[in-house]
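Understanding the architecture of this molecule
In case you want the letters, here they are:
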Amino acid sequence: MRTASRFVIVLIFLGIVLGGIFGYKFYQFGQMQEMFSQPQPPAIISATTATTESWTPAKKAVGSTTAVNGIEIANEEPGVIESIHFESGDNVKKGEVLLRMDAAIDEAALRTRRAEAQLAAQEFNRVSDLLPRRAVSQSDYDKAKANYDAAQARVNEAEATLSKKVIRAPFDGTLGLRMVDQGQYLATGTPIVEINMLNPIYVDYTLSEKDLPLVATGYDVEASVAAIPGETFSGKVSAINTSVNPETRTVRIRATIDNPDNKLKPGMFATIFTRQPEDVNVVTVPQTAISYNTYGDFVFVVEPGENDQLIVNRRSVTTGEIRDGRVAITDGLDDGEQVVAKGLLRLRAGQHVTIQEDPAPGQQDASQAEASE
């Protein structure tokens, strides 16, 4: 009997302990359900209003700068450099002497050709005087004339060869780095120096074939380069290619840009905006109000809910050009509608919200001063 009594007592004790534990856990679970069933407090948001602005439509593209005239000067005749008349980076005019090559042999050849031409001229003059008196035949006259013409052509050839021993600037421009030295032997076609005409300068870029109706010769263009941040260069569309690339379905555009200080150099990567001649009204919102998504961009629109409370709903929009931190909305949003300005990741459709009023500049400064104290 004693063993059975002890066993019953132990069972009663364990029942009391386990019952207490399960009762406490059941009470906690009920408290949690009650807490989760309570409505969530409204999220505090910063809101902004979609506004209509007057923008000049522009198509954005990327391209590169190209010199109006730009070549690498090389020699046509071989020889040894006698004198160099330029330095790297010089600005030169068309026809200015850049380099002279040793031309002693060519000068001697020219003197020989001139002597031969003089003799041929004398012979031709004598035959010409005798022909009217029939002292010579017509064939002798023709032969003398041919010899004279050939001798004169050899003189012109020698003069041309001699002139090629003097390298001149082919146009006004700025020289690059000198690539030859005094006394160096130059084989035919040796690069001497690069020359580029920098003002104005071309910007070549491409646009999709569907954008062709939005661009025409004479349209204003603004270009910027990463090497000169914060500065734009103005110009106009000067040419549009007559064909579309069948592989990329794009067309090449060329704009002429003013470059008075020679800041732009050929080969720079440029961002180009081609602007249309007339302004249009567009609905815009801050860029922070847009959530960019693979399946489409959207905003959270602030709308009235039940019991005079505000809620947010997700709405898909079609975005356009971005300018000065604002995005053009081409479809999905009307002027005057309120949208969430930032912090979109913590919101969900149908959520209650409270708009946080932005403090006035004076109040903001005062609150910052109090916080610092």
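Residues numbered from 1 in each chain as written. Predicted model: local features only at pLDDT ≥ 70, side-chain atom pairs only at ≥ 80, totals over all residues. Heavy atoms only, no water.

Quick look at the packing of helix α2 (residues 104–130) against helix α3 (residues 138–163) now. For the pair α2 and α3, interaxial distance at closest approach is 8 Å and the crossing angle is 160°. On the basis of the axis angle, α2 is roughly antiparallel to α3. Between α2 and α3 the crossing geometry is left-handed. (Axes fitted to C-alpha atoms, helices over the stretch in contact; angles between N-to-C directions. Helix = DSSP H or I, 4+ residues; strand = E, 2+ residues; numbered from the N terminus. Parallel < 35°, antiparallel > 145°, perpendicular 65-115°, else oblique. Left-handed = near helix turned anticlockwise from the far one by under 90°.)

Given a rise of 1.5 Å per residue, 26 residues ought to cover 38 Å, and the 38 Å separating the end C-alpha atoms of α3 matches this to within 8%. Looking only at α3, the buried set comprises Tyr141, Ala144, Ala151, Val155, Ala158 and Leu162. Buried residues along α3 sit in contact with α2 and β9 (166–168). (Expected span 1.5 Å × (residues − 1). Buried < 20%, exposed > 50% of the residue type's maximum accessible area, 1.4 Å probe, protein only. Contact = heavy atoms within 4.5 Å.)

Taken as a whole and judged by the stated rule, the model has 19 salt bridges. The closest approach of N and O atoms between Asp204 and Arg254, which form a salt bridge, is 2.8 Å. Placement of Asp204 in strand β13 (residues 201–208) and of Arg254 in strand β16 (residues 250–257) is noted, with a sequence separation of 50 residues between them. In this structure, Asp220 and Lys236 form a salt bridge, with 2.5 Å as the shortest nitrogen-oxygen distance. In this pair, Asp220 is assigned in strand β14 (residues 220–225) and Lys236 in strand β15 (residues 233–240), connecting sequence segments 16 residues apart. Owing to a relative accessible area of 44%, Lys236 belongs among the partly exposed residues under this scheme. Ionic contacts of the salt-bridge type, sharing partners, join the residues Lys59, Lys210 and Asp211 into one network. (Salt bridge = Lys/Arg side-chain N within 4 Å of Asp/Glu carboxyl O.)

Looking now at the sheet that holds strand β18 (residues 280–286). Strand order across the open sheet formed by four strands is β3-β18-β22-β21, with antiparallel pairing between neighbours. The two strands at the open ends of the sheet, each matched to only one other strand, are β3 (51–55) and β21 (318–323). Adjacent strand axes in the sheet meet at a mean angle of 45° when their direction is disregarded. Strand direction decides the pairing type here: β21 and strand β22 (residues 326–331), joined by four bridges, are antiparallel. Bridging from a neighbouring strand, Thr319 pairs with Ile329 of β22. (Pairing = 2+ DSSP bridges.)

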